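Observations on chain architecture
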Amino acid sequence: EADIVALVARAIKEYGAIDLFVSNAGIAVGGGVEVPDDDIRRLIAEIEVPLNLEMAATEEMLAIALQLRPRACCLVPEKRAERTTEGGLDVAGQRDALAPMIRAMRDGGIRVSLFVEPAKRQLEAARSIGAPVVELHTGAYCEAEGAARRDQLRRLQEAAAQAEALGLECHA
């Protein structure tokens, strides 16, 4: 336990804070792991660090986020039987559905990020609907080898530069 306390103190000293990230918040569709709502409520009540939820872009999850008020939410696509996210949100194609969700969370004091493919069209759509943060999907980079991997890294670097030019905070 002393090692953990020392590690946390070192991380806070070096980075200024530690956030808690809960992936698969709420009800999972298919075979994925889920974190029950009661566990999230308990975390919010008992921890002293900001809580970030990764969640599907659904009305059900929006209601949960607005009730629990975590520090931040990252909206991700969710497909049946998916254990991990296998691609980014189609923000450009789902603009009309996502914009009111983002507005509601921002109005509720929740910082919103969108998990997207590293593509200019998706980044521009994220900016146009008011998302302040994007998280780039790195799956193609992780799966590529050799020259293809270098190409995917360049794609991620270009997307990060595009996000910065659009005024988006970018994570990968």
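Right, let's walk through the structure included here.

Definitions and limits used
- Residues numbered from 1 in each chain as written.
- Predicted model: local features only at pLDDT ≥ 70, side-chain atom pairs only at ≥ 80, totals over all residues.
- Heavy atoms only, no water.
- Axes fitted to C-alpha atoms, helices over the stretch in contact; angles between N-to-C directions.
- Helix = DSSP H or I, 4+ residues; strand = E, 2+ residues; numbered from the N terminus.
- Parallel < 35°, antiparallel > 145°, perpendicular 65-115°, else oblique.
- Left-handed = near helix turned anticlockwise from the far one by under 90°.
- Contact = heavy atoms within 4.5 Å.
- Nonpolar A, V, L, I, M, F, W, Y, C, P; charged D, E, K, R; others polar.
- Buried < 20%, exposed > 50% of the residue type's maximum accessible area, 1.4 Å probe, protein only.
- Right-handed = clockwise from strand over helix to strand, strands pointing away.

Moving on: the packing of helix α2 (residues 37-46) against helix α3 (residues 59-68). Relative placement of two packed helices is described by the angle separating their axes and the distance separating the axes. One can describe the packing of α2 onto α3 by two numbers: an axis separation of 11 Å at closest approach and a directional angle of 25°. One element, α2, and the other, α3, form an angle in the roughly parallel class. In terms of crossing hand, the pair formed by α2 and α3 is right-handed. Across from Asp 37, Ile 40, Arg 41 and Ile 44 in α2, the residues of α3 making contact are Ile 64, Gln 67 and Leu 68. Tallied by class, the residues present in the contact of α2 with α3 amount to 4 nonpolar, 1 polar and 2 charged.

Counting buried residues along strand β2 (residues 51-56), 6 of its 6 residues qualify, which places the element largely inside the surrounding structure. The alternating pattern of β2 places Leu 51, Leu 53 and Met 55 on one face and Asn 52, Glu 54 and Ala 56 on the opposite face, and all of these are buried. In this region the chain leaves β2, passes through α3 and returns to the parallel neighbour strand β3 (residues 72-76); the handedness of that crossover is right-handed.

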